[in-house]
Protein chains: 2
Amino acid sequence: MKIAIYGYGNLGRGVELAARQNKDTELVGIFTRRSPDTVKTLTGAPVFSAAELESFKEKIDVLVICGGSATDLPELTPALARNFNVVDSFDTHAAIPVHFEKVDLAAAETNHTALIAGGWDPGLFSIARLYASAALPEGADYTFWGRGISQGHSDAIRRIEGVADARQYTVPIEQAMDAVRRGEMPQLTTRQKHLRECYVVAKEGADKAKIEQAIKTMPNYFADYDTTVTFISQEELNEKHGGMPHGGSVLRTGKTGLEGENGHTVEFRLALDSNPEFTGSVLVACARAIDRMAKRRNFGCKTVFDIAPADLSILTPEELRAHML
Amino acid sequence: MKIAIYGYGNLGRGVELAARQNKDTELVGIFTRRSPDTVKTLTGAPVFSAAELESFKEKIDVLVICGGSATDLPELTPALARNFNVVDSFDTHAAIPVHFEKVDLAAAETNHTALIAGGWDPGLFSIARLYASAALPEGADYTFWGRGISQGHSDAIRRIEGVADARQYTVPIEQAMDAVRRGEMPQLTTRQKHLRECYVVAKEGADKAKIEQAIKTMPNYFADYDTTVTFISQEELNEKHGGMPHGGSVLRTGKTGLEGENGHTVEFRLALDSNPEFTGSVLVACARAIDRMAKRRNFGCKTVFDIAPADLSILTPEELRAHML
């Protein structure tokens, strides 16, 4: 399978590294809207201008689009799906139905296959929610995130006056998770599910008390959570908080039996040292499935719910049945 | 969807109870090789003789076959797949390829769709292994089972002279699981992964030391494990060990990065109060998928690897994208 990457940020680098780990995958190149000579790739993969993309139409099986969900992907994915089979990691949950319709129209009209919302949430977490709800029709769902860096929350802190840099960890509350695992089906408030841990570098002379207050009272982002704010130096931030770990748990508990007397817990848990590298790796597996579905002329927009698991694997159906079932 | 159950043991009862929890599912009846008047169902579902089954050909969308993997299913599933869309829970991992071929031939020739090896292992655990290996091509896999009742090991103890009754729990070793979760990729022997806990009722006058010795040295079943044997009364066995709990964890850890510097852990965990009720519930979800695939004329034998997750769910694709992705 020949893939290419559109957009070369953290996620693009994750896809680049993942392509090396998949023996059936050849990385044709990286397409950037920047000047190609200014981009140095991790693995020496060639870099091309996004303007050249159309001339690669016959050379790329699947294009992995690595852009932001706020403004990039809503434009890019439908446009690129007119010329390529594509995969994206669109993650604005509420906007998925609209994005799906736009991409489906573009891909179906031009006999292409597209996957939107690949990765781990949406992605593997969504799949875990679906399997668990199908297996336990009467039950309750929970998703806990972290411990991990939230880019959106870190950005929100950086926009506060007097802040030079910041990292925010979303931390799941263990007692809440354990109550869920025990099958207690607790009703949990936002505050009872997650903590927010902030590491902040203040500009020289900045009012730290005011910064802390501004963080803790910020609506949507922090006001509904127990939030800790720790001021540290830029050096300490770089050294101790330079990674991009993430993860979390999808949990469903449910009841079966004549009187609902038997309880069951299903949990899918991820602990990731590098969010973009793991996400990139999932996107390469999704690209494999999309390549196969396109070759079967199964066109249009798909989500992970539409992909039979076997299509994600490098192994043949016979190998899967013999060794993995 | 109209389903019927073939065989009415613990698993058949699990499917019967699960059918009630799925609003799109009607249970046409239970087919038994025993005399139907001797069978009393949990929910009042009608009971028919297996000999009558063929006259129900037009009234059943999917037949869920609840038999044993040793002798029942290798005969029953291929035979019944000639007249019905079928689901089974064949769980002899090594014999799956042969069973698949036989069922595929029968189903494909007669335009039926069959799912073999549904349930949780094989089943949901297999799916977890596949997703994790697709997401992390470079890594190591582990499956831990329990804490739960192993029917096969309980039966093996019951066959020892002087034993009146017995239950055996397979218990995963927490330290081993934690080492795996930490990404240490340990090489684990059989003994390092699971303990075996045996609760035994001795017949009056039986030599308990001899029974204990016979259990602990039994090849394949116990000799390679640390095994505890506790003698208790029949009353205590019935009261404290009468359930059929089970579960376990599928774990994969892997590395990404330019030098494999980032570690990742994927875990899928089940904790089940009732193994047959949960398995029955998964089989009903599988029956839904098989019904849909048959209506799309996608015939032949399938495994859970071939089922797109969306086909298992009672929700529409639009509902799934809006609420579960």
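Bear in mind the structure is a predicted one, so any value in this text is a computation, not a measurement.

Caption draft 1: Molecular detail of the relation of the copies chain A and chain B. Overlay of chain A on chain B (RMSD 0.0 Å): rotation 180°, translation along the axis 0.0 Å. Such a combination of rotation and displacement between the chain copies is what one expects of a two-fold axis. The residues that chain A uses at the interface reappear at the interface of chain B in 100% of cases, marking a shared surface.

Caption draft 2: The arrangement of the interface of chain A and chain B in detail. In this assembly, 65 residues from chain A lie in contact with 65 residues from chain B. Looking at the side of chain A facing chain B, the largest losses of area belong to Q21, R321 and L325 of chain A, adding up to 14% of the total buried there. Here E267 of chain A ties to R269 of chain B by a salt bridge, and the two come within 3.3 Å at their closest N and O atoms. Summed over the shared surface of chain A and chain B, the result is 29 residue pairs in polar contact (both at pLDDT 80 or more). Where the side of chain A that touches chain B is concerned, the elements lending two or more residues are α1 (10-21), α3 (96-109), α4 (124-135), β12 (246-256), β13 (262-272), α10 (275-295) and α11 (317-323) of chain A. In terms of residues, the side of chain A that touches chain B owes the most to one element, β13 of chain A, which gives 11 residues.

Caption draft 3: Examining the domain arrangement of chain A more closely. All names here are of chain A. One can read the domain layout of chain A as domain 1 (2-121 + 276-323) and domain 2 (136-274). Taking the mean C-alpha position of each, domain 1 and domain 2 sit 29 Å from one another. Every contact between the two is made by six residues of domain 1 and, on the other side, eight residues of domain 2. Both sides of the domain 1 and domain 2 interface together cover about 650 Å² of buried area, and 71% of this is carbon and sulfur. If you look at where domain 1 meets domain 2, you find zero salt bridges. Viewed at the interface, domain 2 and domain 1 are joined by three residue pairs in polar contact (both at pLDDT 80 or more). If you tally residues by element for the side of domain 1 that touches domain 2, the top one is α10, at three residues.

The rules we used
Residues numbered from 1 in each chain as written. Chains lettered and ligands numbered in written order. Predicted model: local features only at pLDDT ≥ 70, side-chain atom pairs only at ≥ 80, totals over all residues. Heavy atoms only, no water. Least-squares fit on C-alpha atoms with pLDDT ≥ 70 in both. Contact = heavy atoms within 4.5 Å. Buried area = accessible area lost by both parts, 1.4 Å probe. Salt bridge = Lys/Arg side-chain N within 4 Å of Asp/Glu carboxyl O. Polar contact = N/O pair within 3.5 Å; in protein donor to acceptor, adjacent residues only side chain to side chain. Helix = DSSP H or I, 4+ residues; strand = E, 2+ residues; numbered from the N terminus. Domains from an automatic or database assignment.

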